[in-house]
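Summary of structural features
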Amino acid sequence: MSKFDNQYLCPLCDHIGLLETNSMVCEKCGFEDCFVAKHINEGTRKYWMKKEESLTNWRYDKKFTNQMKNATPGDAQLVKCFIKSVKELFGLFVENKNNLDDYFPKYVRDYKRTTGRRETGWKEKGSKFVLKQKQSSLRGVIYEGAISKFCESHDFFEPIRVPIPYYDKEKDLHTDYEPDFWFNFDGKQIPIEFKTFGKQNMVKSKFKKGIKQSRHYGHLSTFNGNNPEKLSGMIVCCPDDRKFSCAIIDDRAKRL
Ligand SMILES: [Zn+2]
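Description of the structure in this document.

Basis of the calculations
Residues numbered from 1 in each chain as written. Predicted model: local features only at pLDDT ≥ 70, side-chain atom pairs only at ≥ 80, totals over all residues. Pairing = 2+ DSSP bridges. Helix = DSSP H or I, 4+ residues; strand = E, 2+ residues; numbered from the N terminus. Axes fitted to C-alpha atoms, helices over the stretch in contact; angles between N-to-C directions. Core = buried A, V, L, I, M, F, W, Y, C linked by C-beta atoms within 7 Å. Buried ≥ 20, exposed ≤ 12 C-beta atoms within 10 Å, placed from the backbone. Contact = placed C-beta atoms within 7 Å. Expected span 1.5 Å × (residues − 1). Arc of directions from axis to C-beta.

Here we come to the sheet that holds strand β3 (residues 35–39). Strand pairs in the sheet, formed through backbone hydrogen bonds, run parallel or antiparallel to each other. One open sheet accounts for four strands, arranged β2-β1-β3-β5; its pairing is antiparallel. The outermost strands of the open sheet, each flanked by one partner alone, are β2 (16–18) and β5 (107–109). Neighbour-to-neighbour, the strand axes of the sheet open up by a mean angle of 50°, direction not taken into account. The pairing of strand β1 (residues 7–9) with β3 spans two bridges and is classified as antiparallel. When the bridges of β3 are listed, Tyr8 appears paired with Val36.

Moving on to the sheet that holds strand β6 (residues 157–159). As summarised here, the arrangement of the six strands in space is β4-β12-β11-β10-β9-β6, forming an open sheet in which the pairing is mixed. Only two strands of the sheet have a single partner each, and these edge strands are β4 (59–60) and β6. Sheet analysis places strand β10 (residues 188–196) next to strand β11 (residues 232–238), joined by five bridges and oriented parallel. By the bridge assignment, Phe194 is partnered in β11 with Ile235.

One finds Phe183, Ile235, Val236, Phe244 and Cys246 to be the most contacted residues of the largest nonpolar core, which totals 41 residues. Of all the secondary-structure elements, those providing two or more residues to this core are α3 (76–95), α6 (138–152), β9 (181–185), β10, β11 and β12 (243–249). With near-sequence residues (within four places) excluded, Cys246 lies in contact with Thr65, Phe82, Ile83, Val86, Gly233, Met234, Ile235 and Val236. Counting residues in hydrophobic clusters, the runner-up holds eight residues, among them Tyr8, Leu9, Cys34 and Val36.

Let us look at the pairing of β3. Of all five residues in β3, four are buried; the element is thus mostly enclosed. In this structure, β3 lies alongside β5, joined through three bridges in antiparallel fashion. Looking at the pairing, Ala37 lines up with Arg109 of β5.

Now for α3. Along its 20 residues, α3 runs 28 Å from first to last C-alpha, staying within 8% of the 28 Å computed at 1.5 Å per residue. Every buried residue of α3 is accounted for by Leu78, Phe82, Val86, Leu89, Phe90 and Phe93. Summarising the axial view, the buried residues of α3 lie within an arc of 100°, below the 170-degree limit, and thus occupy one face. Across α3 from its buried face, at more than 90 degrees, point the exposed residues Ala76, Gln77, Lys80, Lys84, Val94 and Glu95. Against the buried residues of α3 lie α1 (42–54), α6, β6, β9, β11 and β12.

As structure tokens, then:
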């Protein structure tokens, strides 16, 4: 067991601390549901940092936006602002290409070990969420971590740090609702999903899962935010191919 295996990650303040038995409370900010931390192998982190330093700049690829056209709401101002804002986020990769060490996360959540640790204190229903949650690749979590940091300084984007609890019709509590970011525009708050894809894999047939997830969050977002049309957004990117795309979608996306 390495020295990195016995730590927790506070999703609220990013603090990394030593795991104590039966406690997932952050010693710095008091948040009670911390995650077991998984240390990202330095080689993997450096691999992606090198890519960002040496490969060509990111470019916006219209394909996905166009594919979603028939499911995109008519609010042209919103759509225009969203696309512009996503371009700005990826512009920050270029701007910071030589200091990504500050943006690519060193630790991510270890969902599997977190479930184990929480088993004693958590209701069975609650513990299911951790397994269901994003089983994305290391590449995905590294890039999502960087984009989250970029969101912090953006006027319209806001990172979401912890799951948002909600009750269903049967009054059961769920904790599996955690979009990646909010897009705040004109009083609306729209949940956004961020997905990365492997080389030459940013293609239509691979979007299905992300779209489903994004639509699920669009529906849930009406519980606590201002999003009457249940809109949701997606940002897709392929670090190897240096391209990204995005769309704001509504329920018509399910038919595409
Ligand atoms: Zn904390």
